[in-house]
Amino acid sequence: MSATNEVPGCLDPDTILEVTSDCVIFIDRGWRFRYLNPKAVEQLSEGCDLLGANLWEALPGLAGTEFEAAYRRAIADGAPTHAEAFYAPLNAWFVANAYPSRDGLTIFFRDTTHVKLHEAALGASEERFRTLFETLTEGVLFINRDGVITDANPAAAELLGVSREAMHGHLYYSPRWQIEDKAGEVLPPEQYLSTVALRTGQVERGRVISIFNRKLGERRWLRGDAIPQFRSGDPSPTGVCILFSDITEHRRAETELRASQAHLARAQRVAAVGSAEVDFGTDRWKWSDETYRIYGLDKATTTPSFDLLLSVVHEDDRERIRSAITQVRYGVVSKPIEYRIVRADGQVRVLRREAELIRDPAGAVTGVIATKRDVTELRAAERERAELQAQLLHAQRLEALGTLAGGIAHDLNNTLVPIVALSSFLLKGEAPEGRERECLELIQKSGARGRDLVKRILTFARRTEPERGWVDMVSVVRGALPLLRSTLPSTITIREQLAPVPPIMADQGQLGQVLMNLVKNAADAIGDRIGAIVIELAAEAEPTHRGNEPAVRLSVIDSGCGMCEETRLRAFEPFFTTKAVNEGTGLGLSVVHGIVTSHGGSISVDSRPDRGTRFDIHLPANGTNPISDEGETP
Ligand SMILES: Nc1ncnc2c1ncn2[C@@H]1O[C@H](COP(=O)(O)OP(=O)(O)OP(=O)(O)O)[C@@H](O)[C@H]1O
Ligand SMILES: [Mg+2]
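Since this is a predicted model, take the numbers as computed values, not measurements.

Surrounding ligand 1, one finds 23 residues, the nearest of these being Asn521, Thr577, Thr578, Lys579 and Thr585. Asp558 is positioned such that a nitrogen or oxygen atom in its side chain is 2.9 Å from a nitrogen atom of ligand 1. Here an oxygen atom of ligand 1 and a backbone polar atom of Leu589 are 2.9 Å apart. Put simply, ligand 1 lies in the largest pocket. For the shell around ligand 1, the elements supplying multiple residues, two or more each, are helix H16 (508-526), helix H18 (588-598) and strand S22 (613-620).

Here is the structure:
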């Protein structure tokens, strides 16, 4: 190099040759090494000095390579040549540039193995990426920082209904997509996934939108992620990759599932039927919304479990439920069972449970599904109907007996009339004296008693018309008390609790008879023991099928021997008595019943052996009030 070519401050050419990372050699016209820079020595000499050696002899591996061809061509043509090839002896790739001169050949060469490997790896990964990109069922779009679509895979074209060509090189925010959000609102471009990711440099995931797919002619739902792309050293994204899939069918199935779940919940609510499911493998319990409602539990704050179930089941039914559930675990499903639950507010409900086992395809029991029906009202109605039926049957029986007894009494009355009348007539006239007179008197007395009995039967059989008027029950009771007291032994006390009551339209005489009969029965039940009889009067509303109606309650309560179940059920039957032959006819309560029902009232009895007896009579008080209530404040 001449001094004129020197650049001030630049390294001199010799130094450059010493420090360059390229290998440099000079070969003379006889193909002998004349110069090797340190890098070339390091690469080629392997410990021996190559200066002066013949190139082809020193490096026989060059024979037949592209390098040999290039070097010989350079000498032959007198022009620089270039070669790149794999050099087997060093197991490496080299690139070489040969510059011929009058005296020989200067060769620059460099090991490019790492570059080659890198390129190969890059090529392989590029190919893998392409395969993925082309075959992925998810749509992929690459968008640069200017918003231009640089690449789109076939799936993207399919899902968006637009050809890849139509997307390439175009802006992604085009009104033709008609993008809407979940709520069906048109999404402005600044809220697009890609826009947000480009602006923030953050990954945006799981956004759901709908677009209008022109090819299909319908709106499709897509879920997408946006991943911003960076070049090293540049903090703002160079572009964004959008990955998306079609979730239209998924959403449709989801909507249908939700609709059918809502339908089931509604059906359960209408039918008041809840359902429950237990998986034995995981011991997971699942209750329907209606089950929670039936149990009176809050879905948000409770987790269904065996213990939670037992906590709502009525104490007395717990053991039954526990054993039913244990049996189910052994694959035994009992018949439908009914049990009571107690809600947090204390309300008791009756539930009917029917269960069915769940089996896996091999037939092994994996769980159980059960329905729970709230049958509280149903059972109450059934009970009420049974009670009404029993009452009706009882009333019919009384009615039949009444008719029969009434008929007999009528005929008996006719036969008694001459006996009583004629014996009285004979006793008034010149009646015989002594024994005969006594007989006559007995005939007359027995006849009169018979007529009395007949009268009672006729009252019970409602063959006599009551004489109705406005009656104040307080005065009826007060009027009867002195007579009652005088007939009872002193061992029995009578207490009265008389509240003012509205007047009722009634036959005063008959009501007196009612009171007498009840008090007499009470006294008989106490016998010669010490006891008490309470007579109560109160104004009370009586529940009827027309709603609550004003009524007067008359109660007679005693501390007597009480009644067994059988006696209580038959007490109102005519001629039913537990008393000795001459002590009772069994007509008292029949008469009471006849009087009360003919007044439109009702009578009930509550009694248990040794616990006393309570009779409650309700008489309707729905007439207008002609008498001012006694004891009422003005
Ligand atoms: N307060 C009571 N305590 C216990 N048992 C009673 C009471 N009232 C009625 N009974 C039972 O009901 C039966 C029928 O009573 P009911 O008044 O119709 O007839 P009686 O009292 O036996 O006879 P009668 O009233 O004709 O003299 C009685 O024999 C008695 O067994
Ligand atoms: Mg009686």
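Right, let's get into the sheet that holds strand S13 (residues 337-342). Spatially, S12-S11-S15-S14-S13 is the arrangement adopted by the five strands of the open sheet, whose pairing is antiparallel. In the strand order of this sheet, the two ends are held by strand S12 (284-287) and S13, each with one partner. For this sheet, the mean angle separating the axes of adjacent strands, direction not counted, is 25°. Here seven bridges tie strand S11 (residues 273-279) to strand S15 (residues 365-374), and the two strands are oriented antiparallel to one another. Along S15, the bridge assignment pairs Gly274 with Lys372. Where helix H12 (residues 318-329) meets the sheet, its contacts fall on S11, S12, S13, strand S14 (348-359) and S15, and the angle it forms with S13 comes to roughly 130°.

Right, let's talk about the packing of helix H15 (residues 473-487) against H16 for a bit. In contact at an axis separation of 10 Å, H15 and H16 are set at 50° when each is read in the N-to-C sense. Relative to H16, the element H15 lies oblique. The hand of the H15/H16 crossing is right-handed. For the pair H15 and H16, the contacting residues are Met473, Val476, Val477, Ala480, Leu483 and Leu484 in the first and Gln508, Leu511, Gly512, Leu515, Met516 and Val519 in the second.

Overall, antiparallel pairing links the five strands, which are arranged S2-S1-S5-S4-S3 in an open sheet. Bordering the open sheet on either side are strand S2 (33-36) and strand S3 (81-87), each of which pairs with just one other strand. Ignoring strand direction, the axes of neighbouring strands in this sheet form an average angle of 20°. One ladder, built from seven bridges, connects strand S4 (residues 92-100) with strand S5 (residues 104-111); its direction is antiparallel.

Parameters at a glance
Residues numbered from 1 in each chain as written. Chains lettered and ligands numbered in written order. Predicted model: local features only at pLDDT ≥ 70, side-chain atom pairs only at ≥ 80, totals over all residues. Heavy atoms only, no water. Near = heavy atom within 4 Å. Polar contact = N/O pair within 3.5 Å; in protein donor to acceptor, adjacent residues only side chain to side chain. 1 Å grid on protein atoms, 1.4 Å probe; cavity = no way out; pocket = protein on both sides within 12 Å on 5 of 7 lines; lining within 4 Å. Sits in = over half its atoms within 2 Å of the grid points. Helix = DSSP H or I, 4+ residues; strand = E, 2+ residues; numbered from the N terminus. Pairing = 2+ DSSP bridges. Axes fitted to C-alpha atoms, helices over the stretch in contact; angles between N-to-C directions. Contact = heavy atoms within 4.5 Å. Parallel < 35°, antiparallel > 145°, perpendicular 65-115°, else oblique. Left-handed = near helix turned anticlockwise from the far one by under 90°.

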